[in-house]
Amino acid sequence: MLTNEQTIRRALDRITAEYVFPEKAVDIDAAIRRRLAAGEYDNVDGPVLCETVTAHLQEVCADKHLRLLWTDEPQSLDPQTADDGWAAFLALLRAENQGIRRVEHVDGNIGLIDVRSIASAVEGAAAIGAAMQLVAHSSALVVDLRACLGGAPEGAAMWCSYFFGDDQVHLNDIFERSTGVTRQFWTLPHLPAPRYTDRPVYVLTSAITFSGGEDVAYTLQAHKRAVLVGETTRGGAHPTARHAITEHILVTVPTARTVNSVTGTNWEGTGVIPDVPVPADQALETALKAARKRIGE
């Protein structure tokens, strides 16, 4: 069993080696090691240790993805079999309908899709297509991301692709530190359901909307393809890797950064700011009212 010092040092080694901004990783490492030497982590363990170290990490670098996480489910520490989080993420999505909580039509022929996670573009394609097929003939669409906590960049690009006419729209880029490669994301040429290009779209956000959910909201807003209604989102824009440090402690390390093709930046630290700011619990009513007014004109 690792001591707190060993656990923290291993986490810092991962951060130093992989964090997308190497110069910030140096500052993070120095600040946490000073606290470690001062004995600040001697009398805490488990979830409290994770919460304490996370708070200190984010004092140095306000990156919402940079954290220690406690998990009750034991994680494999075998390098040959250790789960990097991706397989677990895919399994969770399979159990939760690829992140799609509900699809319905509401009064006024308005479609509503409640999305809780952004699925992968491969495994999630059929479910995303099925949802979009069910709203294909609506007069307006509301995409509810208020409880969406993240997901896959490729899945975010797939969701966004439905709202553009072809595969000629450059959505964003992701720069990966480990390879130095920048990957471009464009709208997809082939989709399993009709595109939704000529009708109004409203996206609902809240203060807990995060990561992949923010990606969809920010991208559609930047390209003026949707009206955002709700609250400023949480503000995590960096694709992230997870590593098991102990059987119950993971370190999450942002390894890449997103750059939107319109704004030249992203929502890291600022969140996605809605076009129509209202409390999250009023966002659906507000969006539906706006949609009915618009399609009635």
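Residues numbered from 1 in each chain as written. Predicted model: local features only at pLDDT ≥ 70, side-chain atom pairs only at ≥ 80, totals over all residues. Heavy atoms only, no water.

Visitor: I would appreciate a short explanation of the nonpolar core in the present structure.
Guide: Nonpolar side chains tend toward joint burial in soluble globular proteins. Ile 113, Met 132, Trp 159, Phe 163 and Val 203 are the most contacted members of the largest nonpolar core, which totals 41 residues. If you list the elements that add at least two residues to this core, you get strand S3 (110-115), helix H5 (125-134), strand S4 (140-144), helix H6 (153-161), strand S5 (170-176), strand S7 (201-205) and helix H7 (212-222). (Core = buried A, V, L, I, M, F, W, Y, C linked by side-chain atoms within 4.5 Å. Buried < 20%, exposed > 50% of the residue type's maximum accessible area, 1.4 Å probe, protein only. Helix = DSSP H or I, 4+ residues; strand = E, 2+ residues; numbered from the N terminus.)

Visitor: Is there a simple way to explain the pairing of S5 in this structure?
Guide: A regular strand carries its side chains on alternate faces of the sheet. S5 sits mainly inside the fold: five of its seven residues count as buried. Bridge analysis of S5 against strand S6 (residues 181-186) gives six bridges, and the strand direction is antiparallel. From the neighbouring strand, His 170 faces S6, where its bridge partner is Trp 186. Between the antiparallel neighbours S5 and S6 lie four residues, among them Gly 180 with a positive phi of about 75°. Examined bridge by bridge, S5 and strand S11 (residues 256-260) share five bridges and lie antiparallel to one another. Across the sheet, residue Asp 173 finds its bridge partner in S11, namely Val 259. (Pairing = 2+ DSSP bridges.)

Visitor: I'm lost on the side chain of Asn 260 in this one. Help?
Guide: Within the secondary structure layout, Asn 260 lies in strand S11. What makes Asn 260 buried here is its relative accessible area of 3%.

Visitor: Got a minute to help me understand the sheet that holds strand S9 (residues 240-244) in this structure?
Guide: Two pairing modes exist for strands in a sheet, parallel and antiparallel, and in both the strands are linked by backbone hydrogen bonds. As summarised here, the arrangement of the three strands in space is S1-S10-S9, forming an open sheet in which the pairing is antiparallel. The open sheet has two free edges, formed respectively by strand S1 (67-70) and S9, since each of these has just one partner strand. Between one strand axis and the next, the sheet turns by 30° as a mean value, whatever way the strands run. Judged from the four bridges that link them, S1 and strand S10 (residues 249-254) form a sheet pairing that is antiparallel. For Arg 67, the partnering residue across the bridge sits in S10 and is Thr 252. Here helix H1 (residues 4-18) sits on the sheet in contact with S1, S9 and S10, set at roughly 20° to S10. (Axes fitted to C-alpha atoms, helices over the stretch in contact; angles between N-to-C directions. Contact = heavy atoms within 4.5 Å.)

Visitor: Please explain the domain arrangement of the protein chain as it appears in this structure.
Guide: One frequent convention defines the size of an interface as the accessible area lost when the parts assemble. Under the domain assignment, the protein chain is made up of domain 1 (4-70) and domain 2 (79-239 + 254-295). One C-alpha centre belongs to domain 1, the other to domain 2, and the line joining them spans 31 Å. Domain 1 puts 14 residues into the contact, and the matching count from domain 2 is 14 residues. Summing both sides of the interface, domain 1 and domain 2 together bury roughly 1,200 Å²; the carbon and sulfur share of this comes to 56%. Of all residues in domain 1, Val 20, Lys 64 and His 65 give up the largest surface area on contact with domain 2, accounting jointly for 54% of the area buried on that side. Here domain 1 and domain 2 share zero salt bridges between them. With four residues, the single largest contributor to the side of domain 1 that touches domain 2 is H1. A class-by-class count of the residues in the side of domain 1 that touches domain 2 yields eight nonpolar, two polar and four charged. (Domains from an automatic or database assignment. Buried area = accessible area lost by both parts, 1.4 Å probe. Salt bridge = Lys/Arg side-chain N within 4 Å of Asp/Glu carboxyl O. Nonpolar A, V, L, I, M, F, W, Y, C, P; charged D, E, K, R; others polar.)

Visitor: I keep staring at the pattern of salt bridges and nothing clicks. Help me out?
Guide: It is possible for side chains of opposite charge to pair when their charged atoms get near one another. Here the structure, examined in full by the defined rule, presents 13 salt bridges. The shortest N-O distance in the salt bridge between Arg 35 and Glu 40 comes to 2.7 Å. Sharing partners across several salt bridges, the network here consists of Arg 102, Glu 104, Asp 114 and Arg 116.

Visitor: Looking at this structure, I do not really get the environment of Asp 144. What am I missing?
Guide: Relative to the elements of secondary structure, Asp 144 occurs in strand S4. Beyond its immediate sequence surroundings of up to four residues, Asp 144 is in contact with Leu 112, Ile 113, Asp 114, Val 115 and Leu 204.

Visitor: Any chance you could explain the packing of aromatic side chains here in plain terms?
Guide: Any pair of aromatic rings gets described here by the distance separating the centres and the angle formed by the planes. For the structure shown, the criterion picks out three aromatic pairs. Measuring from ring centre to ring centre gives 6.0 Å for Tyr 19 and Phe 21, while their planes differ by 70°; the resulting arrangement is edge-to-face. Taken as a pair, Tyr 19 and Phe 21 share a single burial class, namely buried. Positioned over the ring face of Tyr 196 is Arg 199, at 3.9 Å from the centre of the ring. (Phe/Tyr/Trp six-rings, centres within 6.5 Å; stacked < 30°, edge-to-face > 60°. Lys NZ or Arg CZ within 6 Å of the ring centre and 35° of its normal.)

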